[in-house]
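What the coordinates show
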Amino acid sequence: MIKIAVLVSGSGSNLQALIDANLSGKIVGVISNKPEAYALQRAQHAGISTVIIEHKQFPNREAFDAVMHQQLLDWDVDLVILAGFMRILSAGFVNAWQGKMVNIHPSLLPHYKGMHTHQRVLNTGDMLHGCTVHYVTAELDAGQALTQGVVQVHLHDTVDTLAERVHTLEHLIYPQAVEWICNGTIQHMENGQVLYKGQVLKQPIQFCKF
Ligand code: GRF
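Residues numbered from 1 in each chain as written. Predicted model: local features only at pLDDT ≥ 70, side-chain atom pairs only at ≥ 80, totals over all residues.

An unreviewed UniProt entry annotates the chain as Phosphoribosylglycinamide formyltransferase of Acinetobacter piscicola. Of the comments in the UniProt record for the chain, the one headed Catalytic activity (unreviewed entry) reads "N(1)-(5-phospho-beta-D-ribosyl)glycinamide + (6R)-10-formyltetrahydrofolate = N(2)-formyl-N(1)-(5-phospho-beta-D-ribosyl)glycinamide + (6S)-5,6,7,8-tetrahydrofolate + H(+)". UniProt, in the comment section headed Pathway (unreviewed entry), describes the chain in these words: "Purine metabolism; IMP biosynthesis via de novo pathway; N(2)-formyl-N(1)-(5-phospho-D-ribosyl)glycinamide from N(1)-(5-phospho-D-ribosyl)glycinamide (10-formyl THF route): step 1/1." (UniProt positions renumbered as here; feature names shortened; annotations may be inferred.)

Put into structure tokens, the structure is as follows:
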């Protein structure tokens, strides 16, 4: 059984969706860089080990990442899930977990990498928006996309209404992507290729909610 660690900084609604999904992998631990993160309570409620590693207590990114890395090794983790983890990771850490670390980003990547995605979608006047589960590489929000959730942008949408709709879809597509990794439907090969049901995955699997 695949052992999973989830890295969080905030509310942890995606963590909750993963807990509720009864994955065929096991979430063995949750790490937060913020002691007040509500995600920690969700994990504890589900009987999952939690560790707080406060980034403020480290002189630099590398020192913080080294402690996280060691914790993941101690848990013997196969898969690292970033779920609202609000820290940029060092290249060394990302490379160590390449092909074993996924993230969810609130946009239809490769569009709108980085922050404030909902506002930027509204500013541009796009008709479609969504979220993407992708492998994490050293380049920000640029790793291979696995699944996407697509929503329509409505005429009177605000950042809040759009964020809420995208968030709801995140809770569907993240557990689905993780389950596919756990049960081998998605495989990350040594040569960097990603397979879906044994075939090279060229486009993310899309889920639409209109
Ligand atoms: C989500 O919007 C996700 O796209 C982004 O961080 C947020 C996490 O929310 N990466 P939550 O803590 O899972 O509720």
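1. A look at the UniProt feature "active site" (unreviewed entry) in the chain
Here the UniProt-annotated "active site" (unreviewed entry) positions come out as His105. Within the fold, His105 resides in strand β5 (residues 101-105). Setting aside its immediate chain neighbours within four residues, His105 contacts Cys131, Thr132, His134 and Asp141. (Helix = DSSP H or I, 4+ residues; strand = E, 2+ residues; numbered from the N terminus. Contact = placed C-beta atoms within 7 Å.)

2. Digging into the sheet that holds strand β2 (residues 26-32)
Pairing within the open sheet is mixed, and its eight strands lie in the order β3-β2-β1-β4-β5-β6-β7-β11. Of all strands in the sheet, those bounded by a partner on one side alone are β3 (49-52) and β11 (205-209). Put simply, the sheet's adjacent strands are angled 20° from each other on average, direction ignored. Where strand β1 (residues 3-8) lies against β2, six bridges are found, and the strand directions are parallel. Bridge pairing in β2 places Lys3 opposite Lys26. (Pairing = 2+ DSSP bridges. Axes fitted to C-alpha atoms, helices over the stretch in contact; angles between N-to-C directions.)

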